[in-house]
Amino acid sequence: MRSHCNSSSVSVAAHTFAAEIPDFLTEEECKLIVHLAQLKGLQKSQILPTDDYEEAMEMIEISQMDIFNLLDHNQDGQLQLKEVLTHTRLGNGRWMTPENIREMYTAVKADPDGNGVLSLEEFKQLNIRDFHKYMGSQKVKMSDLVRNSQHTWLYQGEGAHQVMRAVRQRVMRLTRLPPEIVEHSEPLQVVRYDQGGHYHAHMDSGPVFPETACSHTKLVANESAPFETSCRYVTVLFYLNNVTGGGETVFPIADNRTYEEMSLIQNDIDLRDTRKNCDKGNLRVKPQQGTAVFWYNYLSDGEGWVGELDDFALHGGCLVTQGTKWIANNWINVDPNRWRQLQFQQEMERYAGAGPGAPGEWTVDKAYSGVHLEL
Ligand SMILES: [Ca+2]
Ligand SMILES: [Ca+2]
């Protein structure tokens, strides 16, 4: 699938598997989903940073040297601009552009020799508290955030609206995944981007380190991992309307033969920035009502199970320049830990089998109502 072709079914990119399927949903189904989402009510996908940022950052016990080493990706003893940009968490939810970083350096006098690179010596001189103060003092608008949209979750399980059930069944056939996996995945997420909305390029799933747990299996596994992430094996994205201007889905590095995290940001051009650089992305899909796009966020482990994250699945929502954009996401959750996934499915079956009024205090749907996932 290169650029916005309207091929009739599945097309395969060299490295990224992404399929574009026109008319996956009818116009009526799209309208109904939007209507249901409006009835339920949408919430901001990301909120403006709060004032307690400074305090929160000071609580983190990490030495200045550790921060430096963490940021110095290529280990050359200097912090290049792109190394600082890559750590989006530094911005406290605010999307940092090369200009933002340079302004910050000037404000906190971080780069006295003005060469745009922070040497270890310069970094040691820097008072991290000044940096936090500066960040806290910045007026941040919604358009400055990583994500500027609103969303809600719609139930798709048994007893749900027939259209919601039909969509789930269709996703099951499309992905050819076992019903028990699809049925116990996240509900449908409906997202609205108003004019000026965007979502900078991101992965739908987080890296799975030993200290990370999958949100959906965590409770069942009774694990207390310090970090959690939503393990989304497959993404199926639906366009619910035709967008007047912008709003494409971009895969900045789809098809790249070689990929280094750092090549995403070069010569002041950050390919992840969907407000500025969508036109430079490798693959762009134009929203068309009823079309579904689906892709895998993980590679195979070679043994028929989920393997490593697929970096090429990096994608974002381009700036909506005119009108409103409505999409929906169906994510299929699979735990890279096969045993945990199995345990989760068994537990879910047990709850389902216990019938109404069963002590199932939580279900996947309950777990996701009001969830604010940061990816
Ligand atoms: Ca470096
Ligand atoms: Ca310098």
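Residues numbered from 1 in each chain as written. Chains lettered and ligands numbered in written order. Predicted model: local features only at pLDDT ≥ 70, side-chain atom pairs only at ≥ 80, totals over all residues. Heavy atoms only, no water.

(A) Focus on the coordination of the calcium ion (ligand 1). Coordination of the calcium ion (ligand 1) by the protein involves Asp-72 (OD), Asn-74 (OD1), Asp-76 (OD), Gln-78 (O), Gln-80 (OE1), Glu-83 (OE) and Glu-83 (OE), with metal-donor separations of 2.2 to 2.5 Å. Ordering the donors of the calcium ion (ligand 1) by residue number gives the pattern D-x1-N-x1-D-x1-Q-x1-Q-x2-E. Here Asn-74 falls in the partly exposed class, since its relative accessible area comes to 44%. (Donors = N, O, S within 2.8 Å, 3.2 Å for Na, K, Ca; no water. Buried < 20%, exposed > 50% of the residue type's maximum accessible area, 1.4 Å probe, protein only.)

(B) Focus on the coordination of the calcium ion (ligand 2). The coordination sphere of the calcium ion (ligand 2), as far as protein atoms go, consists of Asp-111 (OD), Asp-113 (OD), Asn-115 (OD1), Val-117 (O), Glu-122 (OE) and Glu-122 (OE), spread over 2.2 to 2.6 Å. Taken together, the 6 donor atoms coordinating the calcium ion (ligand 2) span angles of 53 to 157° at the metal, a pattern that classifies the geometry as irregular. For the calcium ion (ligand 2), the single-chain donor residues occur in sequence as D-x1-D-x1-N-x1-V-x4-E. You can call Glu-122 buried: its relative accessible area is 9%. (Tetrahedral: all angles 85-135°; square planar, octahedral: opposite > 155°, others 65-115°.)

(C) Layout of the sheet that holds strand 17 (residues 292-296). Sheet architecture is open: 7 strands sit in the order 1-17-11-22-7-6-2, paired in antiparallel fashion. Two strands bound the open sheet, and with one partner strand each, they are strand 1 (18-21) and strand 2 (43-44). Where strand 11 (residues 232-239) meets strand 17, 5 bridges bridge the pair, whose relative direction is antiparallel. From the neighbouring strand, Leu-237 faces strand 17, where its bridge partner is Val-293. In this fold helix 8 (residues 162-175) packs onto strand 1, strand 6 (150-154), strand 7 (188-193), strand 11, strand 17 and strand 22 (325-333), with an angle of close to 125° to the strand it touches most, strand 11. (Pairing = 2+ DSSP bridges. Helix = DSSP H or I, 4+ residues; strand = E, 2+ residues; numbered from the N terminus. Contact = heavy atoms within 4.5 Å. Axes fitted to C-alpha atoms, helices over the stretch in contact; angles between N-to-C directions.)

(D) Broad picture of the pairing of strand 1. Burial along strand 1 is two-sided: the face carrying Ala-18 and Glu-20 and the face carrying Ala-19 and Ile-21 are both buried. Of the strand pairs in this sheet, strand 1 and strand 17 are connected by 4 bridges, and their pairing is antiparallel. Bridge assignment links Ala-19 to a residue of strand 17, and that residue is Phe-294.

(E) Structural view of the packing of aromatic side chains. If you walk through the whole model with that rule in mind, you get 6 aromatic pairs. On the numbers, 5.4 Å between centres and 55° between planes, the contact of Tyr-233 with Tyr-296 is tilted. Placement of Tyr-233 in strand 11 and of Tyr-296 in strand 17 is noted, with a sequence separation of 63 residues between them. When the centroid spacing of 4.9 Å and the interplanar angle of 90° are considered together, the rings of Phe-251 and Trp-295 count as edge-to-face. (Phe/Tyr/Trp six-rings, centres within 6.5 Å; stacked < 30°, edge-to-face > 60°.)

(F) Fine view of unusual backbone geometry. Despite not being glycine, Lys-109 has its phi angle at roughly 50°, a positive value. Following the sequence through the fold, Lys-109 ends up in the loop between helix 5 (98-107) and strand 4 (118-119). Positive phi, close to 55°, is recorded for Arg-176, a residue that is not glycine. Secondary-structure assignment places Arg-176 in the loop between helix 8 and helix 9 (179-183). Among the residues examined, Arg-176 registers a relative accessible area of 75% and is labelled exposed.

(G) Structural detail: the pattern of salt bridges. For the structure on display, the rule yields 15 salt bridges. Glu-121 serves as the salt-bridge partner of Lys-124, at 3.7 Å between the closest nitrogen and oxygen. Of this pair, Lys-124 and Glu-121 both sit in helix 6 (residues 120-125), separated by 3 residues, roughly a single helical turn. Assessed through its relative accessible area of 47%, Lys-124 is described here as partly exposed. Between Asp-279 and Lys-280 there is a salt bridge, with the nearest N and O atoms lying 3.6 Å from each other. (Salt bridge = Lys/Arg side-chain N within 4 Å of Asp/Glu carboxyl O.)

Structural measurements only, silent on function.
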